[in-house]
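# Overview (structure and organization)
Spelled out, the chains give:
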Amino acid sequence: QVQLVESGGGLVQPGGSLRLSCAASGFAFSLTNMGWYRQAPGKERELIATITYLGTTNYIDSVKGRLIISRDIAKKTMTLQMNTLKPEDTGVYYCNRGPPLGPLAVWGQGTQVTVSS
């Protein structure tokens, strides 16, 4: 069965860094385009970074140059290196399948990122 487990969140000051991890199982991770999603307080969940099964990455404008998505096919893991964090990065972060198929029906518990002084 599909499992997605996110970890690595926490409270960090503006300008700080965090590294999020995602452990995936139960589906063909090596052939699946993946993404990191963020749900900010009071807002809908949005896709912020993607990585194809070939390793091509894409980001929304607000995180370009600060967040780096990567994956380890052999370990079935994905990471999101978050640098120069801003208060607007606050939210719950989830990993899931990316476009064009969109997210799987199963979601993990997410990991909370709070950027505040």
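Described below are features of the structure shown in this document. The shown structure was predicted, so the numbers you read here are calculated from the model rather than taken from an experiment. (Residues numbered from 1 in each chain as written. Predicted model: local features only at pLDDT ≥ 70, side-chain atom pairs only at ≥ 80, totals over all residues. Heavy atoms only, no water.)

Moving on: the nonpolar core. In terms of nonpolar packing, the biggest core is built from 26 residues, with Trp36, Ile69, Met78, Leu80, Met82 and Tyr93 touching the most fellow members. Only strand 3 (18–25), strand 4 (34–39), strand 5 (46–51), strand 7 (67–72), strand 8 (77–82), strand 9 (91–97) and strand 10 (111–115) provide two or more residues apiece to this core. Per element, the largest residue contribution to this core is four residues, and it comes from strand 3. Here Met82 is in contact with Gly16, Ser17, Leu18, Leu20, Arg66, Leu67, Tyr93 and Val113, once residues within four sequence places are set aside. (Core = buried A, V, L, I, M, F, W, Y, C linked by side-chain atoms within 4.5 Å. Buried < 20%, exposed > 50% of the residue type's maximum accessible area, 1.4 Å probe, protein only. Helix = DSSP H or I, 4+ residues; strand = E, 2+ residues; numbered from the N terminus. Contact = heavy atoms within 4.5 Å.)

With the rule as written, the count across this model stands at four salt bridges. Among the ionic pairs, Asp61 bridges to Lys64, the shortest N-O distance being 3.2 Å. Each member of the salt-bridge network shares a partner with another, and the members are Arg38, Glu46, Arg66 and Asp89. (Salt bridge = Lys/Arg side-chain N within 4 Å of Asp/Glu carboxyl O.)

Most of the time, phi is negative for any residue but glycine, and the peptide bond is trans. For the bond from Pro99 to Pro100, the omega torsion is 5°, close enough to zero to count as cis. Checked against the element boundaries, Pro100 lands in the loop between strand 9 and strand 10. Phi angles above zero are rare outside glycine, and Lys76 is one such case at about 55°. When you line up the elements, Lys76 lands in the loop between strand 7 and strand 8. A positive phi angle, close to 45°, is found at Thr84, a residue other than glycine.

Our next topic: the environment of Lys64. Among the structural elements, Lys64 can be located in the loop between strand 6 (57–59) and strand 7. Accessibility expressed as a relative area gives 47% for Lys64, which makes it partly exposed. In the structure, Lys64 is positioned 16 residues away from Ile48 in sequence and 9.4 Å away in space, judged by C-alpha atoms.

As a further point, take the state of the cysteines. For the structure shown, the criterion picks out one disulfide. A sulfur-sulfur distance of 2.0 Å marks the disulfide that ties Cys22 to Cys95. Looking along the S-S bond of the Cys22-Cys95 disulfide, the torsion reads about 70°, which is the right-handed sense. Placement of the pair is Cys22 in strand 3 and Cys95 in strand 9, with a sequence separation of 73 residues. The class of Cys22 is buried, set by a relative accessible area of 1%. We classify Cys95 as buried; its relative accessible area is 0%. (Disulfide = S-S within 2.5 Å.)

Moving on: the pairing of strand 8. Each regular strand displays side chains that alternate between the two surfaces of the sheet. Of all six residues that make up strand 8, five are buried, and the element is covered over most of its length. As paired elements, strand 3 and strand 8 share six bridges and run antiparallel to each other. Paired with Leu20 across the bridge in strand 8 is Leu80. Where strand 7 lies against strand 8, six bridges are found, and the strand directions are antiparallel. Across the sheet, Ser70 pairs through a bridge with Thr79, a residue of strand 8. Here strand 7 hands over to strand 8 after four residues, with Lys76 in that stretch at a positive phi of 55°. (Pairing = 2+ DSSP bridges.)

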